[in-house]
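Spelled out, the chains give:
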Amino acid sequence: MRFLYIMAIALFAAGCGSNSEIASNSAAPGKDARVEKLERVRDSLKPFFEPMEVRDGDWLDTQKEFGETFEEYVRSNPTLPTPKRRKIYIQPIGTFSHEQRNAIKLAAEYMKAFYDLPVELNADRPLGSVPRDKMRKIEYKNNLQIRTAYFLEDVLPKLLEDDAAALIALTNYDLYPGDTWAFVFGQATFKDRVGVWSLYRLADPITRKYDPKLLLTRTIKVATHEVGHMFSMKHCTKYECLMAGTNHVLETDRRPIDNCPECTAKLSWAMNYEPLKRYERLTEFCKKQGWLDEEKLMRDKANAIRGIK
Ligand SMILES: [Zn+2]
Ligand SMILES: [Zn+2]
């Protein structure tokens, strides 16, 4: 059976047109000068990224997607944070181990550095009582799964604050989007600004144990990727990039914890921040984790931007 990583691209695509309220209230920066500057930033970062390689069973092996350039993104009237809606809320739901909770806390820190938006990590909430038609058990594993609609329709809309650019629930429960699916890593509704992602499949499938660094990098990748969709970013097809779709966790592992040059330019334009400052923040984060290779890479990218004439 093919396990698909939905990541809700269809829902996002469907939601784009109906999100004009946010877009019209947007704090979009002036285009031309910034676009030109960011095109130079984009070019300076190219040596640090690998072109997309599609292997058997990968997302792009199963999905037809065409990506989107920085310039196309700018022209697409994307949803942007506004002065009134610029906070990212992370809501843990369920019961978490110490290592899972730590990964969520650090992923929230990373997201703050990555997007340069306020990020609030809410206190844990219990799962609550799930209606019978929104849960099931996969008997051979005795694994309780929760239908994503329970979170997206029943739980999260009630918790959504007015100033939220996005409300992302992270849960330890395994998820499924509908009866014909085996599972899904996560799903979101762009229009409603809410999404849910599971940590369940981030563990080793046999031992159910977590490698601490893998748990953190996978949590970072899943949560950060999804917030990118909240700001109308499409899946990347050009580079091995955080914004590329992924079909399975090993594909996720091959991807960097950073956006490619094209997606970095989009993000810098959308968030209206200095990419150099962002790379300085990401360097600090990696240094704090003791990730020497990642720290060096982030620092090298910052230096490449400093070197732009
Ligand atoms: Zn996605
Ligand atoms: Zn990209």
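Procedures and definitions
- Residues numbered from 1 in each chain as written.
- Chains lettered and ligands numbered in written order.
- Predicted model: local features only at pLDDT ≥ 70, side-chain atom pairs only at ≥ 80, totals over all residues.
- Heavy atoms only, no water.
- Donors = N, O, S within 2.8 Å, 3.2 Å for Na, K, Ca; no water.
- Tetrahedral: all angles 85-135°; square planar, octahedral: opposite > 155°, others 65-115°.
- Helix = DSSP H or I, 4+ residues; strand = E, 2+ residues; numbered from the N terminus.
- Buried < 20%, exposed > 50% of the residue type's maximum accessible area, 1.4 Å probe, protein only.
- Salt bridge = Lys/Arg side-chain N within 4 Å of Asp/Glu carboxyl O.
- Axes fitted to C-alpha atoms, helices over the stretch in contact; angles between N-to-C directions.
- Parallel < 35°, antiparallel > 145°, perpendicular 65-115°, else oblique.
- Left-handed = near helix turned anticlockwise from the far one by under 90°.
- Contact = heavy atoms within 4.5 Å.
- Nonpolar A, V, L, I, M, F, W, Y, C, P; charged D, E, K, R; others polar.
- Pairing = 2+ DSSP bridges.

Trainee: Explain the coordination of the zinc ion (ligand 2) residue by residue, including any values.
Mentor: Here the zinc ion (ligand 2) is held by Cys236 (SG), Cys241 (SG), Cys260 (SG) and Cys263 (SG), and the distances to it run 2.2 to 2.4 Å. With four donor atoms in place around the zinc ion (ligand 2) and angles of 105 to 112° between them, the coordination shape is tetrahedral. Read from N- to C-terminus, the donor residues coordinating the zinc ion (ligand 2) fall into the pattern C-x4-C-x18-C-x2-C. Note that Cys241 is positioned in the loop between helix H8 (212-230) and helix H9 (249-254) and Cys263 in helix H10 (residues 261-271), a separation of 22 residues in sequence.

Trainee: Which residues make up the coordination of the zinc ion (ligand 1), and what are the values?
Mentor: Within the first shell, the zinc ion (ligand 1) binds the protein through His225 (NE2), His229 (NE2) and His235 (NE2), at distances of 2.0 Å. Written as a sequence motif, the donor residues of the zinc ion (ligand 1) are H-x3-H-x5-H. On the criterion of helical spacing, the pair formed by His225 and His229 is a turn pair, its members being four residues apart in helix H8. According to the relative accessible area criterion, His225 is buried, its value standing at 3%. Looking at His229, the relative accessible area reads 1%, which means it is buried.

Trainee: Just give me the short version of the pattern of salt bridges, but keep the residues and values in it.
Mentor: Note on pairing: side chains with opposite charge can pair once their charged atoms come close. This structure, assessed with the given rule, holds 25 salt bridges. We note a salt bridge from Lys134 to Asp154, for which the minimum N-O separation is 3.0 Å. Placement of Lys134 in the loop between strand S2 (119-121) and strand S3 (135-138) and of Asp154 in helix H7 (residues 148-159) is noted, with a sequence separation of 20 residues between them. The closest approach of N and O atoms between Lys301 and Asp258, which form a salt bridge, is 2.8 Å. Of the two residues, Lys301 is situated in helix H12 (residues 292-306) and Asp258 in the loop between H9 and H10; the sequence distance between them amounts to 43 residues. Accessibility classification places Lys301 together with Asp258 in one group, the buried group.

Trainee: Residues and numbers for the packing of helix H11 (residues 275-289) against H12, please.
Mentor: Axis separation between H11 and H12 bottoms out at 8 Å; the angle between their running directions is 165°. Comparing the axis directions of H11 and H12 gives the class roughly antiparallel. Between H11 and H12 lies a crossing of left-handed hand. Across from Pro275, Leu276, Tyr279, Glu280, Leu282, Thr283, Cys286 and Lys287 in H11, the residues of H12 making contact are Glu294, Glu295, Met298, Arg299, Lys301, Ala302, Ile305 and Arg306. Among the residues making up the contact of H11 with H12, the classes are represented as eight nonpolar, one polar and seven charged.

Trainee: I'd like a rundown of the sheet that holds S3, residues and numbers included.
Mentor: Across the sheet, three strands lie side by side as S3-S4-S6; this open sheet has mixed pairing. Edge strands, defined here as strands with exactly one partner in the open sheet, are S3 and strand S6 (174-176). Each adjacent strand pair in this sheet contributes to an overall mean axis angle of 40°, direction not counted. The pairing of strand S4 (residues 143-147) with S6 spans three bridges and is parallel. Its bridge partner lying in S6, Arg147 is registered against Tyr176. The strands that H7 touches are S4 and S6; relative to S4, the one it contacts most, it runs at about 40°.

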